[in-house]
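Chain and residue survey
The chain contents come next:
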Amino acid sequence: MKNSAKIVCLVLALVMCLSLCACGSKNKGAITVATSPDFPPFENLEGGKIVGIEVDIVNKIGEKLGKEIKYEQMDFDSVLAGIQAGKFDMAMSGITVTEERQKNANFTSPYFMASQAIVVTKDSPITCKADLEGKSVSVQTGTTAEEYCMDNGYDVKAFTANNDACLALTTGKVDAWVVDNEVAVAFVEDQADLVVLSEAMTQEPYAFAFKKGNDELTKAVNDALVELIKDGTVEKIFDSYGVPYVAPVL
Ligand code: ARG
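Residues numbered from 1 in each chain as written. Predicted model: local features only at pLDDT ≥ 70, side-chain atom pairs only at ≥ 80, totals over all residues. Heavy atoms only, no water.

What to know about the site of the ligand
Taken together, 15 residues surround the ligand, and among them Ser93, Gly94, Thr96, Arg101 and Asp180 come closest. The backbone of Ser36 places a nitrogen or oxygen atom 2.9 Å from a nitrogen atom of the ligand. Residue Gln140 places a side-chain N or O atom 2.8 Å away from a nitrogen atom belonging to the ligand. Here the ligand, which alone exposes 340 Å², has 100% of that area covered by the protein. Considering only residue class, the shell around the ligand consists of four nonpolar, seven polar and four charged. (Near = heavy atom within 4 Å. Polar contact = N/O pair within 3.5 Å; in protein donor to acceptor, adjacent residues only side chain to side chain. Areas by Shrake-Rupley, 256 points an atom, 1.4 Å probe, with all protein chains shown as cover. Nonpolar A, V, L, I, M, F, W, Y, C, P; charged D, E, K, R; others polar.)

Shown next, in the form of C-alpha cells:
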C-alpha cells in the first residue's frame, strides 16, 4: 500500500473510532435518571445497587418505551437542579409536585399520595402536631418538609442526606424529624426507639420530573406511567413492598 493510502486508512479508522466513542458516551436510547437513594421504600441502596418502589416503576416504564434506564446518584437538593440544567433526562426521588416546582420543571401525572409525618423518640413529650410548636425539627435540604417547617416557624435544622436528618433525632440534637410518611415508617422499622405520629402535616402527590419544556419525553413517560397505574401494575409494586397504595386523584 502506498503511504498516502495508509494515511487515508488511518484517518478513516480514527474517525470511525471517535464517532463510536461519541455514540457510546451519549447513551443513545438510554434515559438518564437523577435520584437521591436515601429514601426507602421508594429508592435506597442495597449492596451498592439502587432498589425500591420507584425503581421498579421506572424500570417498567423503560421496558414499555424500549429504553435503557441509567440511574445517577446525588443528594436530593441536586436532583431538580440537575434536570433543569439539562444534565439528566428525568428525576425520580419521591418528588412532590408543587406549584413552585411546576414553574421550573415538567411533571408526569401523580402516581401516589403521600404526606409529611412527624417522627419522635418513644419517650418524647411530643404526641401531636400542636406539641411541636416552638420545637426544633430536622429535615432534608430542599424538600417540601423543609419548606413547610420553615413556613410554620419551627426551629429547622436541614441536612443534605436524609440519614443525617434521622440521626439528628436519634442523637438528641432535635426534638423531631419531619419526613414523608412511608419513609418515616421504613426508617422506624429499623429503629426501635422511634415512633411516627399519626397526625399528618400535609398531603403531597408524587410524580416524576423533567426539564421544563421537554414535552416529548414527559408525554412518553407519562403515557407509560398512566397505563401502569390503570392496569394495576403500580399498585402491585406497592403491595410487593408491603406499602398501602394511596391513589392520587387523577
Ligand atoms: N417528597 C419530598 C419532596 O419532594 C421529599 C423528597 C426527598 N427525596 C429523596 N429521595 N430524598 O421534597
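Now that the structure is up, let's keep going.
A word on the packing of helix H2 (residues 53-65) against helix H8 (residues 215-230)
Relative to each other, H2 and H8 sit at 115 degrees, their axes nearing to 9 Å. With respect to each other, H2 and H8 are oriented roughly perpendicular. Classified by chirality, the crossing of H8 by H2 is right-handed. In contact with Ile57, Lys60, Ile61, Lys64 and Leu65 of H2, H8 contributes Ala220, Val221, Ala224, Leu225, Glu227 and Leu228. Tallied by class, the residues present in the contact of H2 with H8 amount to eight nonpolar, no polar and three charged. (Axes fitted to C-alpha atoms, helices over the stretch in contact; angles between N-to-C directions. Helix = DSSP H or I, 4+ residues; strand = E, 2+ residues; numbered from the N terminus. Parallel < 35°, antiparallel > 145°, perpendicular 65-115°, else oblique. Left-handed = near helix turned anticlockwise from the far one by under 90°. Contact = heavy atoms within 4.5 Å.)

Points about helix H7 (residues 181-189)
Buried residues dominate H7, accounting for seven of its nine residues. Of all the residues in H7, the buried ones are Asn181, Glu182, Val183, Ala184, Ala186, Phe187 and Val188. Taken together, the buried residues of H7 touch strand E2 (38-39), strand E8 (112-114), strand E9 (116-121), helix H6 (162-170), strand E12 (176-180) and strand E13 (194-196). (Buried < 20%, exposed > 50% of the residue type's maximum accessible area, 1.4 Å probe, protein only.)

What to know about the pairing of strand E11 (residues 155-159)
In regular strands, side chains alternate between the two faces of the sheet. Strand direction decides the pairing type here: strand E10 (residues 136-140) and E11, joined by five bridges, are parallel. Across the sheet, the residue bridging to Ser136 is Asp155, located in E11. Crossover connection from E10 via helix H5 (residues 144-151) to parallel E11: handedness right-handed. (Pairing = 2+ DSSP bridges. Right-handed = clockwise from strand over helix to strand, strands pointing away.)

Things to note about the pattern of salt bridges
Counting across every chain of the model gives five salt bridges. Across the salt bridge formed by Glu68 and Lys70, the nearest N and O atoms sit 3.7 Å from each other. Since its relative accessible area comes to 29%, Lys70 is described here as partly exposed. (Salt bridge = Lys/Arg side-chain N within 4 Å of Asp/Glu carboxyl O.)

Quick word on the sheet that holds strand E6 (residues 90-91)
Read from one edge of the open sheet, five strands run E5-E1-E6-E15-E7, paired in mixed fashion. Every other strand in the sheet has two partners, leaving strand E5 (68-73) and strand E7 (105-107) as the edge strands with one partner each. Direction of pairing for E6 relative to strand E15 (residues 209-211): antiparallel, over a ladder of two bridges. Bridge pairing links Met90 to Phe210 in E15. Strands in contact with H2 are strand E1 (30-35), E5 and E6; relative to E5, the strand with the most contacts, it is inclined by about 145 degrees. Across the sheet, helix H3 (residues 76-84) is in contact with E1, E6, E7 and E15; its angle to E15 comes to roughly 40 degrees.

What to know about the packing of aromatic side chains
Summed over all chains, the structure comprises 12 aromatic pairs. Arranged with centres 5.3 Å apart and planes meeting at 10 degrees, the rings of Tyr111 and Phe208 form a pair that is stacked. Residue Tyr111 is found in the loop between E7 and E8, and its partner Phe208 is found in the loop between strand E14 (204-206) and E15; the two are separated by 97 residues along the sequence. Taken individually, Tyr111 and Phe208 each receive the classification buried, so the pair is uniform in this respect. Aromatic rings pair up to connect Phe39, Phe42, Tyr111, Phe112, Tyr206, Phe208, Phe238 and Tyr245 into one cluster. (Phe/Tyr/Trp six-rings, centres within 6.5 Å; stacked < 30°, edge-to-face > 60°.)

Regarding the sheet that holds strand E3 (residues 43-46)
To summarise the sheet geometry, strands pair through backbone hydrogen bonds and adopt either a parallel or an antiparallel arrangement. If you walk across this open sheet you meet the three strands as E2-E3-E4, and the pairing is antiparallel. One side of each edge strand has no neighbouring strand; the edge strands of this open sheet are E2 and strand E4 (49-51). Two strands pair when backbone bridges link them, and E2 and E3 are joined in this way by two bridges, in the antiparallel orientation. Directly across from Phe39, in E3, lies its bridge partner Glu43.

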